[in-house]
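For reference, the chains in residue letters:
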Amino acid sequence: MQAFTYARVGTLAEAIAALQQPHAQAVAGGTELLNWMKEGIAAPQRIIDINNLAGLDRIEVDDHGLRIGALARMSDVAASAHVQSAYPAIAQALLASASPQIRNMATMGGNMMQRTRCRYFRADVDLPCNKRRPGSGCAAIAGDDRAAAIFGGSNQCIATHPSDVAVALAALDATVQIDGPGGKRSVPVADFHRLPGDSPTQDTELERGEIITAIVVPPSAAARRSHYLKVRERASYEFALVSAAVGVDLDGSRIRAVHIALGGVAARPWRLKASEMALRGTLLSDETALRGALDKDFDRAQPGRHNAFKIELAKRAVIRALRMAGERA
Amino acid sequence: MSGIGQSVARLDGPAKVSGRARYTADTPMADVTYAVIVPATRPHAHITGIDLAAARAAPGVIDIFTHHNTPTFGPIDVPLSQPVMPLQDDRVLYEGQPVALVVAATLEQATHAATLVSVTYHDAPFDTDFGADLDRIEVAPAFFGIPPDNAKGDVAAGWVAADVTLEATYVTSDRHHNAMEPGAVVAVWRDGALDVYDATQGVFDARTCLAQALRIDPDIIRVSNSFIGGGFGGKGWGWPYQILPAMAARALGRPVKLVLTRAQTYTSHGYQAATRQTVALGARRDGTLTSLRHDSVVAGSFAGDHVEGAGWDTPALYASPAFSTTHRLRRLHRGNPAAMRAPFGGVGLVGVEIAMDELATALDMDPLALRLKNHTDINPIDGKPFSSKKLRECYAIGADRFGWSRRTAAPRSMRDGRDLVGYGMASLVLRAFRFAANARVTIDRAGQVRIETSTQDVGQGLSTVIPQIAADALGLPVDRVHLVLGDTTLPVAPFTGASSATMSVGSAVQDAAASLRRKLAAAGANGPQGYPGALAALGVDSLSADGAWAPGGEPGDGEASAAIFSFGAVFAEVRIDVDIPIPRVKRVVGVYSAGRIINPRTARSQMTGGIIWGIGQALLERSDMDTRLGRFLSKNLAGYLVPVNADVGEIDASFVEEFDPHASPLGARGIGELGALGVAPAIANAVFHATGIRVREVPIRPEHLLSAA
């Protein structure tokens with residue numbers, strides 16, 4: 001039996017202390033952790049229930065923008081009128097995620113901590129997967145890599161991150177607020193997830209004993225004119241094949257500033273910084289110019305054996321998302 | 001009223017939605033133990049060692065069975081069963097094959113101990129790559145008594161005589177049944193008799209398998225179930241997991257329960273095998289077929305002889321002076337495939353009906369007109385007239401309900417905003433499999449009627465339509481009728497599959513009920529209100545009558561004089577975003593010629609479900625095999641995509657009025673698989689119409705459609 005203890009903590013300090021113990025794992029909504037435990041991906045010995053941490057479920061607006069508590073449920077954030085009007089891509093990404101039942105349970109902090117849906121990582125038995133068992137190899141590289149990364153992979157791992165809302169948050173320059181034994185710090189969402197490199201087991205910058213307390217999203221014209229487009233074969237209840245989150249600040253129909261992040265293409269939301277620069281001053285209706293600018297990033301894509309189609313699909317998703325954002329009043 | 005032809009709501013509906021319906025795994029059982037299979041992790045290997053020390057030391061473990069301590073099973077000859085018995089020797093022929101069975105006091109203990117069983121293997125070369133080495137094939141064995149090859153006329157001459165010829169290769173994918181309820185068995189030895197609760201589509205087949213494997217008298221075995229949470233072909237015949245609990249229960253002297261994990265359902269009871277079909281059509285300028293060839297290479301197994309008969313029914317589709325169908329088997333190191341809704345034509349129509357659409361394009365002809373041009377009322381296979389074929393009505397009604405006349409011929413010519421719009425259609429044909437069945441009907445003085453027959457309810461509505469048939473024959477309301485089923489102590493009925501239950505079992509029930517009514521009349525009952533009096537006159541509390549039906553006994557003509565098939569026409573509309581090319585099914589219209597419909601409501605529900613299966617086949621369902629590891633990937637419903645509500649557009653399924661006296665005394669044929677036929681090719685053809693891109697593979701994926709940027 002994989003025995004574990006269960007403890008409910010009431011304060012952030014208690015949580016941080018408890019999480020410094022070996023083999024401790026925080027649980028909030030439980031929609032991911034329980035899957036890992038059932039699939040044999042994780043076997044924590046101490047489960048620290050953080051659901052009772054006061055105030056961490058708030059959705060607040062202040063001078064710094066939107067502050068989403070780590071324990072805010074996905075469905076509550078999606079239903080926020082302020083999120084819908086000032087950060088539409090966030091609400092859209094949330095509503096395109098999972099199912100209503102899961103969104104009612106799953107928290108925003110937990111969403112960031114999701115792990116890849118790679119079929120080898122999620123298998124019913126232990127298959128070659130460096131993320132699941134270091135040194136065991138990566139079966140996806142020479143196997144089924146259709147869902148794998150086209151950016152930022154390594155010869156150890158080509159997994160993608162499955163979150164939708166992290167893509168929207170990364171596009172809108174959100175930061176992850178962290179508290180822990182070393183004090184408070186913040187990390188941009190776009191840098192929060194680690195690229196695999198030589199050590200694919202550690203997915204995020206979160207260190208032992210640390211806990212996500214909130215996600216802060218700055219206000220901007222681009223955030224108000226943002227859009228999230230999710231491309232998937234099944235119309236609902238399915239992870240993205242590719243997705244695009246964009247925010248545009250327009251001068252007439254010309255791009256003044258633009259933010260673009262892709263989902264389903266890398267181990268983290270993939271910002272298209274080079275394209276964003278190149279797109280400044282471009283007419284939103286000029287598809288040739290848009291495509292040319294996107295090539296600044298896509299020229300560096302490294303597709304595998306079965307996922308080169310994601311390059312064209314992702315480009316089209318970005319262009320469509322830009323149009324949808326531009327059409328927003 | 002509640003007789004034949006009435007839309008009676010499901011009699012078992014309230015029990016199912018309230019959780020009162022008892023499924024096999026829910027069977028309460030004192031002193032029960034829990035068995036968990038340890039599956040092989042290799043596709044082809046010899047077991048060199050099994051270390052049980054850690055597992056045996058784990059809490060709650062009662063015993064562990066491997067090939068070292070499992071009795072030798074007898075050979076099984078139930079048709080379509082998997083002949084490789086579990087835990088017999090050190091050979092592994094497919095990933096997922098049971099290599100050990102752990103029995104413990106709780107499910108959790110057994111599950112944990114199973115993870116501690118350490119098996120070492122000596123790997124042997126294996127082949128699980130259906131797409132490679134397509135010349136390493138063999139002539140498929142006859143299956144269901146149907147030979148692999150069938151031909152008539154001079155195909156080569158017809159090909160030469162054609163004005164237009166077309167030859168193309170079509171690919172279908174491996175698919176898994178994914179019934180909601182996984183396979184479940186509870187086995188109890190009591191007083192020298194074996195009592196088995198098994199969620200099987202065939203209690204008698206399961207009993208035969210157990211008797212043969214355990215070398216015991218079938219008369220001491222009882223196999224039963226009350227509800228089955230979906231079968232779709234995956235719970236038919238006999239599989240290794242069904243035999244192990246009875247073996248273990250005998251050895252341990254305690255009841256043993258085994259429920260497959262979701263992952264194990266991907267390797268324990270078959271799957272629909274991938275196919276590669278080459279279709280060659282020759283036609284005159286006016287569309288008249290001169291030659292039809294359908295050559296199928298189908299994935300098979302070294303562990304069994306299942307053949308996906310993709311081309312069996314192809315020649316029955318159209319009038320062609322010459323046809324040839326062949327089936328070649330490419331055996332792989334995978335478990336034996338199985339029938340899966342809809343097998344055979346459900347797979348083969350993908351090739352043939354996309355090819356017909358391609359031919360229509362080549363001829364610059366309307367796809368429906370091409371089908372009508374080649375309509376036949378005589379079965380080209382044997383020259384017999386079809387028993388009852390109203391396919392022309394299906395075409396006409398379907399085209400009208402769908403609005404087929406609004407279709408503009410050119411691909412990519414219909415548009416709605418950013419969506420490309422495509423209309424596609426397909427014909428379908430399904431041979432009637434019919435089996436002998438028996439039933440008993442009993443009435444008591446309170447006017448309550450009890451039907452007994454060993455058929456199985458797989459969720460399709462049988463528990464409603466069978467009582468309707470008896471109610472109709474007796475002239476009583478259906479709420480007076482109670483059906484007892486799924487038990488080898490009841491009158492013998494066939495396995496529930498191959499769209500056979502209503503006509504086979506229903507006819508036996510009708511026979512029994514009519515016989516009972518005659519008995520009651522003879523005892524003085526002048527109509528239903530006289531039944532209690534008749535029983536009183538006879539001095540009995542209840543009165544029974546047995547009934548039976550078997551194919552071949554049709555009055556005046558017999559089995560041989562007509563070809564019994566069902567037919568239909570499916571029309572599909574897809575929408576495909578012009579930039580993001582993922583097809584969405586806007587609506588499907590299906591019109592069917594299936595004989596008499598006993599219950600239009602449950603029948604429409606069943607067709608709707610079948611059409612949704614077809615949508616999955618067309619756009620989503622595909623079990624990927626890692627050919628380096630030799631295993632299916634994503635053995636769960638997160639990674640294996642089936643349609644959700646958002647994938648399913650408007651569905652309009654209907655039947656033409658029909659009575660087929662050749663098929664059964666009820667006038668009914670079968671519909672279980674019918675709805676799943678023809679949908680995938682109709683959608684594929686609609687995708688071509690929308691985009692101008694011809695995809696010859698299902699499921700159709702975005703990468704197929706991205707090329708035309």
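Before reading further, recall that the structure is shown in the block above.
Residues numbered from 1 in each chain as written. Chains lettered and ligands numbered in written order. Predicted model: local features only at pLDDT ≥ 70, side-chain atom pairs only at ≥ 80, totals over all residues.

**Some thoughts on the interface of chain A and chain B**
Contact with chain A, which involves 24 residues of that partner, is made by 27 residues of chain B. Split into classes, the residues belonging to the side of chain A that touches chain B amount to twelve nonpolar, two polar and ten charged. (Contact = placed C-beta atoms within 7 Å. Nonpolar A, V, L, I, M, F, W, Y, C, P; charged D, E, K, R; others polar.)

**A few points about the packing of helix 11 (residues 462-474) of chain B against helix 12 (residues 501-522) of chain B**
All names here are of chain B. One way to put it is that helix 11 packs onto helix 12 with a least axis distance of 8 Å and a crossing angle of 30°. In terms of axis orientation, helix 11 runs roughly parallel to helix 12. The handedness of the crossing between helix 11 and helix 12 is right-handed. For the pair helix 11 and helix 12, contact is made by Leu462, Val465, Ile466, Ile469, Ala470, Ala473 and Leu474 and by Ala501, Thr502, Val505, Gly506, Val509, Gln510, Ala513, Ala514, Leu516 and Arg517, respectively. The residue inventory of the contact of helix 11 with helix 12, partitioned by class, reads 13 nonpolar, three polar and one charged. (Axes fitted to C-alpha atoms, helices over the stretch in contact; angles between N-to-C directions. Helix = DSSP H or I, 4+ residues; strand = E, 2+ residues; numbered from the N terminus. Parallel < 35°, antiparallel > 145°, perpendicular 65-115°, else oblique. Left-handed = near helix turned anticlockwise from the far one by under 90°.)

**Quick look at the sheet that holds strand 7 (residues 185-188) of chain A**
Residues and elements named next belong to chain A. Read from one edge to the other, the open sheet built from five strands follows the order 4-5-8-6-7, with strand pairing classed as antiparallel. Each end of this open sheet is capped by a strand with a single partner; those strands are strand 4 (59-62) and strand 7. The sheet shows a mean angle of 25° between the axes of neighbouring strands, taken without regard to direction. Both strand 5 (residues 65-69) and strand 8 (residues 211-217) contribute to a ladder of four bridges, which runs antiparallel. The residue bridging glycine 69 from the neighbouring strand is alanine 214, located in strand 8. (Pairing = 2+ DSSP bridges.)

**Concerning unusual backbone geometry**
Residues and elements named next belong to chain B. Cis geometry is adopted by the peptide bond preceding alanine 342, which originates at arginine 341 and carries an omega value of -5°. Structurally, the position occupied by alanine 342 is in the loop between strand 16 (323-332) and helix 8 (345-363). That bond from valine 698 to proline 699 is cis: its omega, 0°, falls within 30 degrees of zero. Here proline 699 lies in the loop between helix 15 (679-691) and helix 16 (702-705). Of note in this structure, aspartate 191 is not a glycine but carries a positive phi near 55°. Within the secondary structure layout, aspartate 191 lies in the loop between strand 10 (184-190) and strand 11 (193-198).

**Digging into the pairing of strand 24 (residues 584-593) of chain B**
Residues and elements named next belong to chain B. Burial analysis of strand 24 places seven of its ten residues in the buried class, the great majority of the element. From the end of strand 23 (residues 565-577) to the start of strand 24, which pair antiparallel, there are six residues. Bridging between strand 24 and strand 27 (residues 650-655) involves six bridges; their strand directions are parallel. Paired with glycine 590 across the strands is alanine 653, a residue of strand 27. (Buried ≥ 20, exposed ≤ 12 C-beta atoms within 10 Å, placed from the backbone.)

**Observations regarding the environment of proline 269 of chain A**
Residues and elements named next belong to chain A. You can see proline 269 is positioned in the loop between strand 11 (254-263) and strand 12 (270-271). For the pair proline 269 and lysine 310, spaced 41 residues apart in sequence, the C-alpha to C-alpha distance is 15 Å. Ignoring sequence-local partners within four residues, the contact set of proline 269 consists of Ala166, Val167, Ala170, Val189, Ala190, Ala261 and Gly263.

As far as function goes, none of this settles anything; it's purely spatial.
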